[in-house]
Amino acid sequence: MNKPALVAAVTHVYQSGWYLAGLDYPALIKALYGVGPDTGALQALRLADELRLFEGSRLALYKNPKMSLSYAEYYFQQLYTEEMTLPDGTVIPERPVQLDIDEFIADMWNKGIRFGIDVAAVKTAMVAIKADRITFASDLEPAPGQDATVVEVSQDLHRSNAPKARADGRIDLQSFQNRFPQIQANMRLLKKIPSVPGLPGFDMAGRKTEPEPPKDLTLRFYAGEGTEAQTQADGEYLVSTREGFLSVDSKSRRISITDKIISLEGVSGRTTGNLQLAGAYEEYGDVQEQRDVTGSDITVHGHVYGNINSRGGTVVLDKNLVSGSVHNASGSIAIAGVASNSVIYAANGAVTMKRAENCIISGTSVKIEEASNCEIIADEVFIELAEGCAIAGRNVEVESAGPRRRTEMIIHVLVKDVTRFDQEIADLEMRIAAFAQSNLASQQEIDRISALPDVRRYLALAAKLRTQELMLTPEQGTHLRKIAGAVAEEVKAIQKHKTDLQVGQTQHNLLSDRLGRVIQQKLEAAGVARCGLHMTSGETVVRTMPFAADTAALRQLPPKDLKQRLRGTPSGGELLFADSAGSLDWHLNPLQRPASP
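These remarks concern the structure in this document. Keep in mind it's a predicted model, so treat the numbers as computed, not measured.

### Things to note about the overall build of the chain
If you tally the helices and strands in the chain, you get 11 helices and 37 strands. Buried positions account for 38% of the 597 residues belonging to the chain. The contacts in the chain between residues at least 6 apart in sequence include a share of 48% that link residues at least 24 apart. Accessible surface, the chain as shown: approximately 33,200 Å² in total, 51% of it carbon and sulfur.

Rendered as C-alpha cells:
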C-alpha cells in the first residue's frame, strides 16, 4: 500500500469514531511520511495494540488547539467529571479525569494536525498537576542537501616550507625552500564531489515541503589554459595538460597552468616568507609587514604592508599600501586603493594612484586623484586635490591645492640651471652694444664732416665726375684741385671713419650671429617648465627650483634627503605665487634673466 493510501486509511479510522489504542506514534509517522528512525527491511510494521471506540463523553474532554503559522499550542489543565445522583439517590461526587494520549492524537488528527506531535511533551503535560500551555506540535523544516563541490587531490601541490638554504650554506629563516612547486603534465588537480539531495519537510497537516535543490557544478567550467575536465573510472577530475604553475582566476574561478606564478594565500612568515622570483607574480592575498617580494610584472590583489621590488614590467596594487614600499626599476606603478606612510619609486616609469597620505612618491610622471602630506617629484605631475604636499616637477598641473592643518602647501617648478649661458650672453650683448655705439658715432662723424659747405661741394662735384655727369675745362680742373687741397684733411677723415664703420658693422654682425646661437643653446638646455594651479583653498606657495643635472638625480635621492630637499629652506629660485586664493598659469621664459638678489 502506498503512502497516500495509508494516510487515507488512518483518516477513515479516526473519522469513523475509532482511535488506535497503544499507538506507536513515531512508527505511524515513519509509515505515512517516511520521517523517523530507520526501520530496516521489515515485512510488517506494528502500529498499535487495537482499535477502540472513541466515546462521546471522552471526546468532549478535548478542546480546540491554538494554531499558529508553523506550530500549535494546547492548554492542559486538570479536568473533573460532574457530580451525579443515581436513581436510588446515591450521590457520586465529581472526580478527576485523566486525558489519554491515543485519544488526543485521534482528536488532533480530525482537527487537522496529522504530523509533528511531541508525544513526550503531551504525556508530561497530561499528568502534570499545574495547568500549562505548551507547544505540542510543529512543522518539520526541510533538511538542506549538500551542494556539489571540488576537492584538491594532488599531493604534488603541497609545498616545501622548510627554510631556504643559501649558497654559502647558511639557512635563511625568512624564506621557504619551495613555495611554488611546478605542476607536471597529466596531473590530477581537482575531483568533483557530486551533490547530495536534501530531505523534505512536512507541515502539521502532513503536507510535504520540498527542500531547495542542491547546486550542481560543471567541472569543465573550471578548466582554463593548460587544464581539462576528464571523466575517469573513479570519478570526474580536472587534469593538467601541460607543465607550469597553478593559476586561479578569482572572477571566473578557472584554473590554468601558466608560466606566471599566482598565489592565493598572501605573503607572510607563515605562508611564503620573503620571495625572490625569476618571473611574473600575481598575489591574491595580503603582503604582510617586513615581507619582501622581488620579481617583475608584480600584481597584488590584497593589501600590501611590506616591500615590493620589481626589476621591470608593471606593478599593480589593487588595494591599499600601508607602511610599505614599492620600487620598480624599469616600469610603471599603479595603486588602486589608498597609499599611506609609504615610499613609491618608479625609476623609469609612471606612477598612478587614487589616494596618497604621508607618502614619498617619485617617478617620471605621477598622477594622483587625492594627495595629502606627501612629498612628490616627477618630470610631469598631475594631481586633482593636493593638501599639505611638497611637489616638484617640470610640468605641474594641480586642480586644487591648499595646506593641511599645520603642513604648508609648496609647489616647486623644476627649472634647468642654465646660468652658465647668461654670462656669455651678457658679454656678447655688451660687445654688440659697444660696436653699435661705435658704429653710430662713426656714422655721425661722417655725416657731420660731409655737411661742411666746402666738403659738401667737393663731394658733390667728385660724385658727378665719377658718373661722368660733368666734364671740366682745364680752368675748372685747376679750380677743383685747389678745392680738393683745401678739404684734403676732411676727406681723409671721412675715409677713415668709413673704414672704421665697415669693420664695426662686420664685428656687430658676427657677434649678433653668435648671440643667436648661444640663446638657442640656452633654450634647448632649459627645455619646458610650467605650472598650472587652477584653484587654491588656503596659503599656497609656488616657486622655481633650479637643478644642474638631469631630474633623475633628484628623483633618486634617498627618501629622507628628498623630503628635506622639498620641505627645507629654499635656495635660489624665483617666487611665482604666494596666496590663499587665486590661480596660476606659468610657463618658463628661458630668455628672462633671474632677478638680482
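### Points about the state of the cysteines
As used here, a disulfide is simply a covalent bond connecting the sulfur atoms of two cysteines. What the rule picks out here adds up to zero disulfides. Here Cys374 is not disulfide-linked; the sulfur of Cys389 is the nearest cysteine sulfur, at 4.8 Å. On the accessibility criterion, Cys374 (0% relative accessible area) is buried.

### Description of the sheet that holds strand β16 (residues 227-232)
Two strands in a sheet stick together by hydrogen bonds in their backbones, pointing the same way (parallel) or opposite ways (antiparallel). If you walk across this open sheet you meet the four strands as β10-β13-β17-β16, and the pairing is antiparallel. Among the strands making up the open sheet, the edge pair consists of β10 (149-152) and β16. The average undirected angle you get between the axes of adjacent strands in this sheet is 30 degrees. Note: strand β13 (residues 188-193) against strand β17 (residues 235-240), three bridges, orientation antiparallel. Directly across from Lys191, in β17, lies its bridge partner Tyr237.

### Focus: the sheet that holds strand β4 (residues 71-76)
In space, the three strands of this open sheet follow the order β3-β4-β9, with antiparallel pairing throughout. What marks the edges here is a single partner per strand, and that holds for β3 (66-67) and β9 (132-138). One ladder, built from six bridges, connects β4 with β9; its direction is antiparallel. Counterpart to Ala72 in the pairing with β9 is Ala137. Contacts between helix α5 (residues 119-127) and the sheet are confined to β4 and β9, with β9 contributing the most and set at about 160 degrees to the helix.

### A look at the pattern of salt bridges
Summed over all chains, the structure comprises 16 salt bridges. Residue Glu375 is joined to Arg567 by a salt bridge in which the shortest nitrogen-to-oxygen separation is 2.8 Å. Residue Glu375 is located in strand β31 (residues 375-387), and its partner Arg567 is located in helix α11 (residues 559-567); the two are separated by 192 residues in the primary sequence. Classification of Arg567 as partly exposed rests on a relative accessible area of 22%. With a shortest N-O distance of 3.1 Å, Asp500 and Lys496 are connected by a salt bridge. Remark: Lys496 and Asp500 occur in helix α9 (residues 488-526); sequence separation between them is four residues, near one turn of the helix. In the salt-bridge network here, residues are joined through shared partners; they are Glu397, Arg530 and Asp585.

### Looking at the nonpolar core
By size, the foremost hydrophobic cluster in this structure holds 51 residues, and its most contacted members are Ile344, Ile361, Ile376 and Ile391. Tyr33, Leu61, Val97 and Phe115 belong to the second largest nonpolar core, which has 40 residues in total.

Quick notes on the rules
- Residues numbered from 1 in each chain as written.
- Predicted model: local features only at pLDDT ≥ 70, side-chain atom pairs only at ≥ 80, totals over all residues.
- Heavy atoms only, no water.
- Helix = DSSP H or I, 4+ residues; strand = E, 2+ residues; numbered from the N terminus.
- Buried < 20%, exposed > 50% of the residue type's maximum accessible area, 1.4 Å probe, protein only.
- Contact = heavy atoms within 4.5 Å.
- Areas by Shrake-Rupley, 256 points an atom, 1.4 Å probe, with all protein chains shown as cover.
- Disulfide = S-S within 2.5 Å.
- Pairing = 2+ DSSP bridges.
- Axes fitted to C-alpha atoms, helices over the stretch in contact; angles between N-to-C directions.
- Salt bridge = Lys/Arg side-chain N within 4 Å of Asp/Glu carboxyl O.
- Core = buried A, V, L, I, M, F, W, Y, C linked by side-chain atoms within 4.5 Å.

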